[in-house]
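Residues per chain, in single letters:
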Amino acid sequence: MTNDIAKALTLLEADGVVGLPTETVYGLAARIDRPAGLRRIFSTKERPFFDPLIVHVASIPQARLLASEWPAQAQILAETFWPGPLTLIVPKSSAVDDVITSGLTAVGLRCPDHPVALELIRGAGVPLAAPSANKFGRTSPTTAEHVRAEFGTDVFVLDGGPSRVGIESTVLAIQPRGDRVVLSILRAGMITQEMISKALEEKNLPAIFDAVSDKRTAPGQMKHHYMPSVPLIWIEGSWTDEQVASEANRQLARMPDNVEGVKIRKPTDALSKPARLILPDDPALAARELYSDLRRLAETGADHLIYQHDPRHKGAAWDGILDRLEKATSLMLRRNPGIFA
Ligand code: TXA
Ligand code: MG
């Protein structure tokens, strides 16, 4: 065991929180048997208590102890995609504190594909609850440095290198309803609905997808999230930088300061210095670089970021990336290039 892991275990034991590297993004972890540590996650992140936490496990048997029901679909998906970027929401057992689930009867479980995360969970001997290690509503961290920039010296961070996947796990609700099991994707990610269906169909299990009708069972679906420190403007069609700046100055001034508890990035002075976010054509690469690019560009002295949507970047592999970008966006400017070009 390294000194850093030993230090992290001591901190967790003492109701502390620790920056945890995973393959998706860095988490802010506490032991699930330490209510004071769990509450510290919410206060450190300034996260509202209605948004539940994902519990990180080191194995399938450890996950099953936290579930009151474990449908065959959960078993097959865990065997297929764990360790990896898929969170399964299943009915919770009494071993899961209500603080973790925000009072919901289901819990989110995930086995991260990162040796440092797995070593820490095994060392702790209990699962670790961890949301992404950013202030509520802001861009998620994909390096230890990002976490330090977010929380300063208050939080000890285990450095596990840059996150390989780069955007958060796919969140899949698995709901037993009578003799059926209904699946709903609550958050898109790099594991797509198609991949999930294929894994189940190969084992002759039904893959019945349905949207969650009750909003309370799918919290954390705020309109804004992942926002960088300067406004991000999403454009479609042909716009000059000057046109973007003048339209953004006009429209942002009229927007509310706050939407669903997330402070909207608005300019203090007229916008004049853009930086452009360019995504690579390979979605795996685009996901990996997205958050670090957003942070890096926001620190170049630019007062706004422009993302020109490339219509070729579409399809299931892009859903998670475009979902994050849309939520990170302060303003969308669309027009038909055919008319204005
Ligand atoms: O990749 C990830 O999932 C990262 C790493 C650290 O594992 N974690 C992460 O956690 O993104 P967080 O808290 O930032 O996002 C978790 C999402 C939230 O939108 C939350 O509302 C949803 O999962 N969630 C968690 N537990 C849930 C539950 N019991 N029912 C419904 N949604 C849940
Ligand atoms: Mg998050």
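Read on for an overview of the structure. Because the structure is a prediction, the values reported are computed rather than measured.

Excluding glycine, residues mostly have negative phi values, and the peptide bonds linking residues are mostly trans. In this structure, Pro83 follows Trp82 across a cis peptide bond, with omega equal to -10°. Secondary-structure assignment places Pro83 in the loop between helix 4 (72-81) and strand 4 (86-91). Of note in this structure, Asn204 is not a glycine but carries a positive phi near 60°.

Attention now goes to helix 10 (residues 283-298). In this model helix 10 runs 22 Å from its N-terminal to its C-terminal C-alpha over 16 residues, within 8% of the 22 Å that 1.5 Å per residue would give. Of all the bends in helix 10, the greatest measures close to 45° and is centred on Leu290. Turning to helix 10, its buried residues number three or more, namely Pro283, Ala286, Ala287, Leu290, Tyr291, Asp293, Leu294, Arg295, Leu297 and Ala298. Where the residues of helix 10 are buried, they touch helix 7 (144-151), strand 11 (232-236), strand 14 (274-277), strand 15 (304-308) and helix 11 (316-328). Backbone nitrogen of Ala284 and a side-chain oxygen of the N-cap are separated by 3.0 Å at the start of helix 10; the cap is Asp282.

If you look at the biggest cluster of nonpolar residues, it comprises 66 residues, and the most contacted ones within it are Trp70, Leu77, Trp82 and Leu88. Looking at which element gives the most residues to this core, the answer is helix 6 (residues 115-124), with six residues. What Leu88 contacts, discounting residues up to four positions off in sequence, is Trp70, Ala74, Leu77, Ala78, Trp82, Val107, Gly108, Leu109, Leu172 and Ile174. Within the second largest apolar cluster, 24 residues are counted, among which are Ala275, Leu294, Leu305 and Leu322.

Here we come to the pattern of salt bridges. Following the criterion strictly, the structure yields 23 salt bridges and no others. For Glu202, the salt bridge goes to Lys198, with nearest N and O atoms at 3.5 Å. Linking Glu202 with Lys198, this pair stays in helix 8 (residues 193-202), spanning four residues, or about one helical turn. Lys198 shares its class with Glu202; the two are exposed. Residues joined by salt bridges that share partners form a network here, namely Glu13, Asp15, Arg31, Asp33 and Arg34.

Conventions used here
Residues numbered from 1 in each chain as written. Chains lettered and ligands numbered in written order. Predicted model: local features only at pLDDT ≥ 70, side-chain atom pairs only at ≥ 80, totals over all residues. Heavy atoms only, no water. Helix = DSSP H or I, 4+ residues; strand = E, 2+ residues; numbered from the N terminus. Expected span 1.5 Å × (residues − 1). Bend = angle between axes of the 7 residues up to and from the residue. Buried < 20%, exposed > 50% of the residue type's maximum accessible area, 1.4 Å probe, protein only. Contact = heavy atoms within 4.5 Å. Polar contact = N/O pair within 3.5 Å; in protein donor to acceptor, adjacent residues only side chain to side chain. Core = buried A, V, L, I, M, F, W, Y, C linked by side-chain atoms within 4.5 Å. Salt bridge = Lys/Arg side-chain N within 4 Å of Asp/Glu carboxyl O.

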